[in-house]
Amino acid sequence: MDCLDPATGKPGSPFGQSVCLGTKWADDYFERVWAFIDQTGFKGIAVDGPYHGCPCASNVHQHHRGLTDSQWVQWQCQKRMFEEEQRRGMTAGAPDWYF
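Just so it is clear, the model here is predicted, and its values are computed rather than measured.

Chemist: Could you clarify how one ought to interpret the pattern of salt bridges in this entry?
Modeler: A side chain of one charge can pair with a side chain of the opposite charge when the charged atoms of the two come close. Tallied over the entire structure, the rule returns six salt bridges. For D38, the salt bridge is made with R88, and the minimal N-O distance between the two is 2.5 Å. Linking D38 in helix α1 (residues 24–40) with R88 in the loop between α2 (67–87) and β2 (91–92), this pair joins segments that are 50 residues apart in sequence. Residue D38 is classed as exposed on the basis of its relative accessible area of 54%.

So, in C-alpha cells, the structure goes:
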C-alpha cells in the first residue's frame, strides 16, 4: 500500500512514508469514508492536501503500471474524491481543476 521510492525500491517518498492511492487499500479506504459519510450525514471533509501523489515505483499496485503513471493515477483518484464530494453537495476545499 505504500509508495515505493524509485531510488531505493523501499517504502518512502519525498515526504516520508506515504500511501499510494493506486492500490486496493485506497479503494477500500474511500469505500469506508463514503459509508461513514452516508451513516453520519457529514457535509464536509477537511483534508491536508490535495496532493498529486508521490512517485511510486511499485509494479504490483492494482491501478498503476509502475513509476511512469503512478502520480497520474493518484491524481485521478483524488480528483474522483473531490468530484464525489461535489456530487453529494459537500464542502470541498480544493482547487478548481479537481472539478
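From this point, the narrative continues.
Chemist: Just to check I follow, could you spell out the side chain of E85 for this structure?
Modeler: On the secondary structure map, E85 appears in helix α2. E85 has contacts with W34, I45, M90, T91 and A92, leaving out every residue within four places of it along the chain.

Chemist: It is not clear to me how the nonpolar core should be interpreted in this structure. Could you clarify?
Modeler: Nonpolar side chains in soluble globular proteins generally cluster together in the buried interior. With 10 residues, the main nonpolar core is built from L21, A26, F30, V33, W34, I37, C77, M81, F82 and M90. Secondary-structure elements contributing two or more residues to this core are α1 and α2. Tallying contributions element by element places α1 first for this core, with five residues.

Chemist: What's the story with a nonpolar patch on the surface in this structure? I'm lost.
Modeler: A contiguous nonpolar surface patch, about 290 Å² in accessible area, is contributed by M1, W25 and Y29. Looking at M1, the relative accessible area reads 48%, which means it is partly exposed.

Chemist: In this structure, what is going on with α2? I would like to understand it.
Modeler: Along an α-helix, residues three or four positions apart point the same way, because every turn accommodates 3.6 residues. Taking 1.5 Å per residue, 21 residues should reach 30 Å; α2 reaches 31 Å between its end C-alpha atoms and fits that length. Of the residues flanking the end of α2, it is G89, one or two places downstream, whose phi is positive at about 75°.

What counts and what doesn't
Residues numbered from 1 in each chain as written. Predicted model: local features only at pLDDT ≥ 70, side-chain atom pairs only at ≥ 80, totals over all residues. Heavy atoms only, no water. Salt bridge = Lys/Arg side-chain N within 4 Å of Asp/Glu carboxyl O. Helix = DSSP H or I, 4+ residues; strand = E, 2+ residues; numbered from the N terminus. Buried < 20%, exposed > 50% of the residue type's maximum accessible area, 1.4 Å probe, protein only. Contact = heavy atoms within 4.5 Å. Core = buried A, V, L, I, M, F, W, Y, C linked by side-chain atoms within 4.5 Å. Patch = residues over 30% accessible without salt bridge, like charges linked within 9 Å, V, L, I, M, F, W, Y side chains within 5 Å. Areas by Shrake-Rupley, 256 points an atom, 1.4 Å probe, with all protein chains shown as cover. Expected span 1.5 Å × (residues − 1).

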